[in-house]
Amino acid sequence: MKRIALLCILVSSLPVLAQTKLNLVPAPAEVKMDTGNISININTEIVLEGSGLENTASLLNDYLSASYGFKLKVVTKYSNANSITLNFERSDHAIPGAYNLTVDKKGVYIAGDNAEGVLYGIQTLIQLFPVQKKGPLSIPQLSITDYPRFAYRGMHLDVCRHFFPVDFIKKYIDYLAAYKFNTFHWHLTDDQGWRIEIKKYPLLTSVGGYRNGTIIGRYPGKGNDSLHYGGFYTQDEIKEVVKYAADRYIDVIPEIEMPGHASAAIAAYPQLSCFPDESTQTGKTPWAGTKEGKQVQQTWGVFEDVFCPSEYTFNFLQDVLDEAMPLFPSKYVHIGGDECPKEAWKRSPFCQQLIRDNNLKDEHGLQSYFIQRIEKYINGKGKKIIGWDEILEGGLAPNATVMSWRGEEGGIEAAKQNHDVIMTPGTYCYLDHAQSKNEDSVTIGGYLPLEKVYGYEPVPAMLNAGQAKHILGAQGNVWTEYMAYPSKVDYMIFPRMMALSEVLWSPKEKRNWKDFERRLPAILDRLDKKKVKYSKAYYDLQATVIPANNYDGVLWKLESKIKTEKIKWANDLHHDPVAKTNYDYTKPIKITKQATYSAKIKNSNPVIQEFFFNKVTGKKITLINEPSKNYPGDGAFTLVNGVQNDKGLSKGNEFLGFLGNDCEGTIELGKMEKIRKLRFHCLNQNGSWIYPPKYIEVSYTGSLTAKRLLRVESPLEIKDGNIIYEIDLGAETQMNAINFKIVNYGIIPSGNPGAGTAAWLFVDEIEAE
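Predicted model, so just to flag it, every value in this text is computed and none were measured. (Residues numbered from 1 in each chain as written. Predicted model: local features only at pLDDT ≥ 70, side-chain atom pairs only at ≥ 80, totals over all residues. Heavy atoms only, no water.)

Peer 1: Help me understand the overall build of the protein chain in this model?
Peer 2: Of regular secondary structure, the protein chain possesses 18 helices and 34 strands. Dimensions of the protein chain, computed from C-alpha atoms along their principal axes, come out at roughly 95 × 70 × 50 Å. Looking at the protein chain residue by residue over its 769 residues, the buried ones come to 58%. Long-range contacts, defined as pairs at least 24 residues apart, comprise 72% of the intrachain contacts of the protein chain with a sequence gap of at least 6. When the accessible area of the protein chain is evaluated, it comes to approximately 31500 Å², of which 50% is carbon and sulfur surface. Charged side chains of the protein chain number 88 positive and 89 negative; the gap between the two group centres comes to 5 Å. (Helix = DSSP H or I, 4+ residues; strand = E, 2+ residues; numbered from the N terminus. Buried < 20%, exposed > 50% of the residue type's maximum accessible area, 1.4 Å probe, protein only. Contact = heavy atoms within 4.5 Å. Areas by Shrake-Rupley, 256 points an atom, 1.4 Å probe, with all protein chains shown as cover. Lys, Arg positive; Asp, Glu negative; His and termini not counted. Charge placed at Lys NZ, Arg CZ, Asp CG, Glu CD.)

Peer 1: Where do I start with the sheet that holds strand β20 (residues 542-547) in this structure?
Peer 2: Two pairing modes exist for strands in a sheet, parallel and antiparallel, and in both the strands are linked by backbone hydrogen bonds. A sheet is described by the order of its strands in space; here three strands give the open sequence β20-β21-β24, paired in antiparallel fashion. Both edges of this open sheet fall to β20 and β24 (589-591), since each of them pairs with a single strand only. Strand-to-strand twist in this sheet, taken as the mean axis angle between neighbours without regard to direction, amounts to 30°. By the bridge criterion, three bridges tie strand β21 (residues 554-559) to β24 in an arrangement that is antiparallel. Looking at β24, one finds that Val554 is bridged to Ile591. (Pairing = 2+ DSSP bridges. Axes fitted to C-alpha atoms, helices over the stretch in contact; angles between N-to-C directions.)

Peer 1: Explanation requested: helix α16 (residues 486-493) in the structure shown.
Peer 2: Note that an α-helix has 3.6 residues per turn; residues three or four places apart therefore point the same way. A large share of α16 lies buried, amounting to six of its eight residues. Inspection of α16 places Lys488, Val489, Asp490, Tyr491, Met492 and Ile493 among the buried residues, and these make up the whole buried set. Residues of α16 that are buried sit in contact with β8 (152-158), α4 (166-178) and α17 (496-505).

Peer 1: Sorry, what's going on with the sheet that holds strand β9 (residues 183-187) here?
Peer 2: An order of β8-β9-β14-β15-β16-β17-β18-β19 is seen for the eight strands of this closed barrel, with the pairing classed as parallel. Each strand axis lies, on average, 30° off the axis of its neighbour in the sheet, ignoring direction. Strand direction decides the pairing type here: β8 and strand β19 (residues 471-476), joined by four bridges, are parallel. Bridge pairing in β19 links Tyr152 to Gly473. With respect to the sheet, helix α11 (residues 363-380) is in contact with β14 (251-258), β15 (332-336) and β16 (384-388), its orientation differing from that of β16 by roughly 150°.

Right under this line is the structure:
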């Protein structure tokens with residue numbers, strides 16, 4: 001039953017009214033409001049005018065039963081006005097999933113361009129229902145025309161660092177369906193565990209599926225829990241999950257990592273390694289149990305023991321794929337390809353001979369050879385590969401789709417080569433990053449607030465129209481090093497996953513951050529009713545440090561999204577966080593000497609910040625090289641803002657990060673100052689490929705001339721990864737400007753995490769006295 005001219009009287013302001021009253025996410029393409037409401041109750045019928053929609057009707061009934069305690073009768077013929085009618089209508093949109101939803105006195109009418117579109121219409125209808133659980137469900141009369149922007153709308157979940165049961169995987173899929181994602185990227189193998197049953201190789205799960213312990217706390221760990229930990233999914237369980245997802249029109253893409261991140265597989269079958277008789281390298285990480293032989297890793301990071309590109313390995317991987325691929329109807333198989341150290345290949349006579357025999361340029365060429373050989377096999381089975389952007393190194397496999405995670409550069413390059421791309425840059429899409437500057441739980445680091453996710457644009461501006469068509473969409477990634485329980489996963493993905501859903505579904509011109517902010521309380525209220533634990537970081541008191549006028553001190557700027565509550569602040573020169581005097585915040589607080597400040601709003605945890613002052617704090621600073629977009633801090637001022645990092649990457653926003661580049665710039669003192677010592681705070685965390693500087697050198701401008709100082713190479717102090725370098729001038733020296741150059745470590749040498757790649761340089765604070 002197709003509806004024609006259902007709404008007769010609409011004024012031009014009503015589409016705007018829809019945006020101010022409805023609380024839908026992702027926002028529909030077009031909404032027109034009518035006056036009045038209708039009620040859905042136990043007498044309402046679900047009418048299946050389109051064939052094959054029984055499953056979709058069942059999903060609606062499941063929701064009604066779980067949320068409101070009743071189900072609706074399902075019929076195939078329209079008999080009364082109190083009905084929810086499901087049907088098909090042709091759509092002119094190229095991407096499947098479009099639908100129309102109408103609510104009027106005749107009831108609810110949902111028509112999709114296919115069954116997937118009908119389901120999306122039902123998900124929108126569900127969000128129109130009130131959150132209360134008693135009485136009729138009153139919904140507004142309106143009409144909605146809606147369709148997806150991108151064909152690939154993905155969420156990822158790593159089950160290797162921490163394992164999650166099937167029940168939670170289904171719950172996770174329900175989350176995806178609710179917000180119109182259509183792809184679940186299931187990361188099933190890695191160094192810390194092999195999670196998919198392969199019957200031909202039972203040791204993959206009985207040995208590779210378990211580790212003897214896990215580090216405690218942030219990498220490199222303050223100890224080891226010594227607990228035998230792991231688990232895996234049987235093939236029957238995987239079939240169950242895949243069907244559950246398919247019923248919700250979600251494609252499940254498995255990831256079988258190769259050629260790196262292979263420790264778990266190698267622990268089960270050592271002959272997959274270039275050096276099967278060598279024991280696993282455990283470094284200085286706290287370890288539980290034996291270190292003899294090949295082991296499943298108990299910590300996080302990147303490890304040198306990777307798959308040997310031998311015939312044994314290729315036969316093994318083909319056997320694995322032969323069992324895995326039939327379990328997943330998806331046309332894609334994700335083969336990883338990321339973070340593959342080349343050191344084992346460099347010292348392997350077999351690999352070096354393979355490079356010569358195949359006229360390969362180097363080990364990067366060998367990785368390309370590896371990926372292309374696997375791709376040819378997978379293509380022969382009627383499927384395509386996806387790989388992380390490292391598969392570009394040495395030459396891209398002919399039919400590969402690139403998942404761009406190290407920024408957008410890999411995706412841009414692949415699109416220019418006419419390869420399909422899925423954007424998932426860490427700066428916008430890594431939902432394991434901290435979502436609060438005052439994070440109350442351990443995260444992997446970085447800082448990705450809700451508004452930054454919402455502001456992401458997956459199509460890079462520098463691509464022309466033909467190249468832009470290769471951007472299939474984007475994906476949120478959930479790596480679980482620091483997510484041991486389902487509740488922590490919920491906390492990390494919500495509400496950022498909702499923001500990403502709008503990026504991927506809603507028309508670009510319809511996205512409106514202010515309106516998303518308006519809708520957020522109602523959106524979160526639904527999560528509360530479902531007892532989903534989510535982050536309230538959006539409501540955190542935001543504290544930033546900015547330069548004072550004339551660079552005389554710093555300003556502590558406080559902002560709250562809860563406008564009804566006053567911000568209170570206090571300072572205590574004895575560093576006592578329990579302040580004795582509280583002041584109302586009216587403007588940024590000027591700070592000119594060392595002190596600890598605290599601020600809070602009612603019913604919230606305080607923000608506490610200690611400031612360290614010296615002769616360059618708050619001064620004007622400029623940099624020659626811009627920091628990485630992944631770790632921009634608060635710009636160059638981060639180095640002289642008086643805030644000294646003492647928590648490593650958990651406060652990653654307090655660092656400037658430089659990938660392969662030097663940190664070089666000038667600090668202008670504004671007047672002549674007597675200075676004897678300069679100190680530079682850096683980070684040393686090799687497991688994250690962050691290395692100390694090679695050396696630091698300084699020159700200064702004084703009353704007469706500029707003088708080049710001898711470089712410093714050895715740190716003055718090392719504590720918990722934080723390192724301080726000091727340059728002692730020997731006597732107080734007059735100067736009005738300081739030029740500094742903190743030289744990047746360079747290419748990481750063999751035997752170290754990240755060997756063969758450019759090192760990260762992390763700089764926190766510069767001091768002068």
